[in-house]
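Here's the letter readout for the chains.
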Amino acid sequence: MYNKIIVFEGIDGSGKTFHINEVSKYLIKKKVKFIKFREPGGTINSEIIRNIILSDKSIFKTKTDLLLYLAARNENYESLIKPNINKKVILIDRFMDSTIAYQHYGFKINKKIIDDLNNFVLGNLKPNFTFFHFVPIKHIKKNISGKKNRYDKFNKKFYKNVQDGFMKILKKNRNKLLIDSSKSKKYNIELIKNKINKILNIHD
Ligand code: TYD
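Residues numbered from 1 in each chain as written. Predicted model: local features only at pLDDT ≥ 70, side-chain atom pairs only at ≥ 80, totals over all residues. Heavy atoms only, no water.

Attention now moves to the overall build of the protein. Each helix and strand in the protein was counted, giving eight helices and five strands. Element order for the protein, N to C, with α for helix and β for strand: β-α-β-α-α-β-α-α-β-α-α-β-α. Relative to the compact-globule value of 17 Å for 204 residues, the protein shows a C-alpha radius of gyration of 16 Å, a close match. With the C-alpha coordinates of the protein rotated into their principal frame, the extents come out at 50 × 40 × 30 Å. Within the protein, buried positions represent 49% of all 204 residues. For the protein, the share of sequence-separated contacts (at least 6 apart) that also reach a separation of at least 24 residues comes to 79%. Each charge class in the protein can be summarised by its mean position, and for the 43 positive and 18 negative side chains these summaries are 4 Å apart. (Helix = DSSP H or I, 4+ residues; strand = E, 2+ residues; numbered from the N terminus. Rg over C-alpha atoms; globule rule 2.2 N^0.38 Å. Buried < 20%, exposed > 50% of the residue type's maximum accessible area, 1.4 Å probe, protein only. Contact = heavy atoms within 4.5 Å. Lys, Arg positive; Asp, Glu negative; His and termini not counted. Charge placed at Lys NZ, Arg CZ, Asp CG, Glu CD.)

It is worth spelling out the sheet that holds strand β2 (residues 34–38) at this point. Strand order in the open sheet formed by five strands is β2-β3-β1-β4-β5, and the pairing between neighbours is parallel. Two strands in the sheet have a free side with no partner beyond their single neighbour: β2 and β5 (176–180). Strand-to-strand twist in this sheet, taken as the mean axis angle between neighbours without regard to direction, amounts to 15°. Bridge count for strand β1 (residues 5–10) against strand β4 (residues 129–134) is five bridges, and the pairing is parallel. Considered in β4, the bridge of G10 is made with H133. Contacts between helix α3 (residues 62–84) and the sheet are confined to β1, β2 and β3 (89–93), with β2 contributing the most and set at about 160° to the helix. (Pairing = 2+ DSSP bridges. Axes fitted to C-alpha atoms, helices over the stretch in contact; angles between N-to-C directions.)

With that out of the way, let us pick up the nonpolar core. Membership of the largest hydrophobic core comes to 33 residues, with the highest contact counts inside it found for I11, I81, I92, F95, Y102 and F166. Of all the elements in the fold, those that place two or more residues in this core are β1, β2, α3, β3, α4 (96–106), α5 (111–122) and α7 (156–171). Counting residues in hydrophobic clusters, the runner-up holds 19 residues, among them I20, V23, Y26 and L177. (Core = buried A, V, L, I, M, F, W, Y, C linked by side-chain atoms within 4.5 Å.)

Below, the discussion takes up helix α8 (residues 185–200). The terminal C-alpha atoms of α8, which comprises 16 residues, lie 22 Å apart, in line with the 22 Å expected from a rise of 1.5 Å per residue. By the burial criterion, the buried members of α8 are N188, I189, I192, I196, N197, I199 and L200. Where α8 is buried, its residues meet β1, α1 (16–29), β3, β4 and β5. Immediately beyond the C-terminal end of α8, within one or two residues, lies N201, with a positive phi of roughly 60°. (Expected span 1.5 Å × (residues − 1).)

This part covers unusual backbone geometry. Of the consecutive residues E39 and P40, the connecting peptide bond is found in the cis state with omega at -10°. Of note in the backbone geometry, K31 takes a positive phi value of approximately 55° without being a glycine. Secondary-structure assignment places K31 in the loop between α1 and β2. Among the residues examined, K31 registers a relative accessible area of 73% and is labelled exposed.

Structurally, R50 can be placed in helix α2 (residues 44–54). An unpaired buried charge is present at R50: no salt bridge exists, and E47, the closest side chain of opposite charge, is 4.4 Å distant. Ignoring anything within four residues of it in the chain, the contact list for R50 reads R38, P40, G41 and S55. (Salt bridge = Lys/Arg side-chain N within 4 Å of Asp/Glu carboxyl O.)

Written out as structure tokens, the structure reads:
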């Protein structure tokens, strides 16, 4: 049951953080051992890197951003993923697909370079399952407003490119479930829990 990496992806404000927290509560109830972290962030070192990347005071060049995301990921790989991979379920709020979606489809950095960097840090490691949160375009603005991070200044077109990018990446991935953020919380939580039961072989 334990060698599972389950990732929650989607654009800002798509509800993935809410859902990963709901899954955490559910796994505690079911006494399943797990760790949960976010990217960028995770370990003490990755959180330091997160603060550097997402601070309003430090707007870096896009290639610098890319390298910082990967630097934070390496800290997580070495300190969180490697030691827990066969011992606990690993829940991650954003992972390697976010880098392709934002840095390639959003900021137009060459995809091969990002693939190579992900590969340099993670080797062959891939998520076992991805919950991809989809925000219908007309809801995008509404969901993002009120959030404070450095990408808030980007427009709807940017988020549409990023979301379309996620779609392209995930089209090739059979181990995923699309979550429509405009559906009710109750509906989505039920959908996600049912899938978690299947993935982790949990019986109600
Ligand atoms: P955060 O406030 O954590 O956003 P959310 O709660 O929506 O996940 O900010 C993370 C930001 O970092 C988000 O705008 C996406 C961006 N990001 C990248 O651009 N590339 C990456 O590889 C990762 C992991 C995140």
